[in-house]
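The primary structure of each chain is shown beneath.
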Amino acid sequence: MLARLSIRDIVLIERLDLEFAPGLSVLTGETGAGKSILLDAFALALGARGDGSLVRQGAAQGQVTAVFEVSSRHPVFALMRANDIPAEDVLILRRVQFADGRTRAFVNDQPVGAQILKTLGAALVEIHGQHDERALVDTATHRRLLDAFGALEMAAAEVARLWGERRARHEECAALREQVERSSREADWLRHAAEELAQLAPKPGEETALAQRRAAMMQAEKVLDDLRDVHGALAGAHAPAPSISAGLRRLERRAGTAPALIEPVAKALDTALRAFEEARAQLDATLRAAEQDPRELEATEQRLFALRAAARKHGVAVDELNALGARYAADLALADAGAERLAAVEAAACEADARYRDAAAALSESRRKAAQKLDRAVKGELAPLKLDRAKFSTELATDRDTAGPDGTDRVEFWVQTNPGSRPGPLMKVASGGELARFLLALKVVLADRGSAPTLVFDEVDTGAAGAVADAIGLRLARLGRRAQVIAVTHAPQVAARADHHYLISKRVLDQGRRVATGVVEVAAERRREEIARMLAGAEITGEARAAAERLMKAAS
């Protein structure tokens, strides 16, 4: 329910803080006192369209804050979770209206879009008036209210679930059929491609390994060329070792003639020859160890180039060839066995159709029974509201061609306002006053089945007096026992039945240069005086006060 409403700088309201309670609360006041301003401000907090003209003259911005106390089981919390809004013990809707037309919306101090605010507001509050076209203009609302009245929400949810399952089966069937048809058209190409990739048998990471191996082999070949050149210099036709060895032998034959000269040189040459021999032996060993088969490099390059050519052909990376081959094989298998699988999926889709049709048909039958009960219940409320010659009916048209998540039914509330007149949709046939009373009758019947926790009625008693006004007040009071009801009224009979009475008035400020709207809760003598004013007009008489007293006692 609405616990508190705070308004700052909206039209004629400078600062207003109102506390609300359960039951029936009425707002009264002279014409032009600001009742519409109060409701416009409240609607702004609930997500209504903003307008810079709502900001009080001279102020840069206005603000409206509505604080609600709601049961933890209320659907509004599911909406909040869906929009990542933190849930707390109280729910605070706040709207800031700037003079330039911009607005900002907050829920529990978290910024939200205007549409989210509007969705939450609609779940918390319903505003009805004789010129209100929002309440029942959408026939989907009629269907929802009928389901709520007949306690058919679970059945309707099951139909919606089966519709979703049916749609998923048909989407799967359509996708599979398209896939099978495509696979059949491409079967020959697929078979060739799958066989080609199967023969190639690419392995994950193979390209990288082959490229690294090829690079290493090519680098080793370059090193071998250099080693062979050095080996040729040491052991080839022009190697220095034979010449040095021959020179050493000549010097050794002459060593006896000049030992001091020859022995050091001979010793050095012998050391050099030994070093040449050791280097040549090492080169021989290294060449034998590093020698590689040129066919191995050729085979590595052929494999690497084959993989890369296949990747270019199929437009994928080399490492994706393996998965591509598997997909081609699966598509080929699907093409080969597609008809059998498609038949199974189509059978599942037909079964889903049947389950949906059965559930939708059962829901339609339950809706027809609920519609008859709703018509009787509403009829019982019409006579006291001076609609005794009117007829209310719930028109239910079933069309399987328009099946959807809500079933196969189109539900619409119809009325016949007078005998002999043509029945028609409630929103088109009923006049403003009649519409307000029809809505009231509906709300009395549906109060605890599908209504928001707070109901606002804006002058639904316009044009009513005497017994009719008292009947309206009685029904608003009955509604107030099952939901919070706030009514703007000009009827003293309605005001007398209120649990809480708020008086709206204007006061002159700044020596008459401006006026401001104020609201106070009245009780006892002041409340009796306001009801007397509503009875008598500008001049309150003793008789009016006595009549007001009688109304209040009769309502208590």
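About the thresholds
Residues numbered from 1 in each chain as written. Predicted model: local features only at pLDDT ≥ 70, side-chain atom pairs only at ≥ 80, totals over all residues. Heavy atoms only, no water. Pairing = 2+ DSSP bridges. Helix = DSSP H or I, 4+ residues; strand = E, 2+ residues; numbered from the N terminus. Axes fitted to C-alpha atoms, helices over the stretch in contact; angles between N-to-C directions. Contact = heavy atoms within 4.5 Å. Buried < 20%, exposed > 50% of the residue type's maximum accessible area, 1.4 Å probe, protein only. Parallel < 35°, antiparallel > 145°, perpendicular 65-115°, else oblique. Left-handed = near helix turned anticlockwise from the far one by under 90°. Salt bridge = Lys/Arg side-chain N within 4 Å of Asp/Glu carboxyl O.

J.: Would you explain the sheet that holds strand β1 (residues 2–10) in this entry?
T.: To summarise the sheet geometry, strands pair through backbone hydrogen bonds and adopt either a parallel or an antiparallel arrangement. In spatial order, the strands read β2-β1-β4-β5-β6-β7; together these six strands make up an open sheet with antiparallel pairing. In the strand order of this sheet, the two ends are held by β2 (13–19) and β7 (110–112), each with one partner. Adjacent strand axes in the sheet meet at a mean angle of 15°, parallel and antiparallel pairs treated alike. Where β1 and strand β4 (residues 61–68) come together, six bridges link them in antiparallel fashion. When the sheet's bridge partners are listed, Leu5 is paired in β4 with Ala66. Here helix α1 (residues 35–45) sits on the sheet and contacts β1, β2, β4 and β5 (91–98); the angle it forms with β1, its principal contact strand, is near 105°. Here helix α3 (residues 114–124) sits on the sheet in contact with β4, β5, β6 (103–107) and β7, set at roughly 135° to β5.

J.: Help me understand the pairing of β5, please; the structure alone is not making it clear to me.
T.: Both faces of the sheet carry side chains from a regular strand, because those side chains alternate between them. In terms of burial, β5 is largely enclosed, as seven of its eight residues are buried. Pairing between β4 and β5: eight bridges, direction antiparallel. Looking at β5, one finds that Gln63 is bridged to Val96. Sheet topology places β5 next to β6; five bridges connect them, and they run antiparallel. In the strand pairing of β6, Arg94 is matched with Phe106. In this antiparallel pair of consecutive strands, β5 and β6, the connection spans four residues, and Gly101 shows a positive phi of 100°.

J.: Can you walk me through the packing of helix α16 (residues 524–536) against helix α17 (residues 542–555) in this structure?
T.: Helices that pack against each other are described as a pair by the angle of their axes relative to one another and the distance between those axes. Orientation of α16 relative to α17, taken along the N-to-C sense of each, is 115°, at an axis distance of 8 Å. By the angle between their directions, the pair α16 and α17 is classed as roughly perpendicular. Between α16 and α17 lies a crossing whose hand is right-handed. Seen from α16, the contacting residues are Ala524, Arg527, Arg528, Glu529, Ile531, Ala532, Leu535 and Ala536; seen from α17, they are Ala544, Arg545, Ala547, Ala548, Glu549, Leu551 and Met552.

J.: Please clarify how the sheet that holds strand β11 (residues 424–425) should be interpreted in this entry.
T.: Reading across from one edge, β9-β10-β11 is the order of the three strands in this open sheet, with antiparallel pairing throughout. Since the sheet does not close on itself, it has two edges, and those belong to β9 (391–398) and β11, each with one partner. Relative to β11, strand β10 (residues 409–416) is paired through two bridges, and the arrangement is antiparallel. The residue bridging Trp414 from the neighbouring strand is Pro425, located in β11.

J.: I tried to follow the pattern of salt bridges on my own but got confused; where do I start?
T.: Think of it this way: side chains of opposite charge can pair up when their charged atoms draw near. As enumerated under the stated definition, the model contains 28 salt bridges in all. In this structure, Asp406 engages Arg143 in a salt bridge whose closest nitrogen and oxygen atoms are separated by 2.9 Å. Note that Asp406 is positioned in the loop between β9 and β10 and Arg143 in helix α4 (residues 139–149), a separation of 263 residues in sequence. Given a relative accessible area of 40%, Asp406 falls into the partly exposed group. For Arg528, the salt bridge identified is with Glu549, shortest N-O distance 3.9 Å. Here Glu549 lies in helix α17 and Arg528 lies in helix α16, a separation of 21 residues in the sequence. A cluster of three or more residues bridged by salt bridges with shared partners is formed by Glu158, Arg161, Glu165 and Arg355.

J.: Mind showing me how you'd approach the environment of Asp229 here?
T.: With respect to the element layout, Asp229 can be found in helix α7 (residues 206–235). Its relative accessible area of 57% is what places Asp229 among the exposed residues.

J.: How should I be thinking about the environment of Glu19 in this particular structure?
T.: As for its placement among the helices and strands, Glu19 is situated in strand β2. Excluding anything up to four places from it in sequence, Glu19 contacts Ala3, Arg4 and Tyr502.

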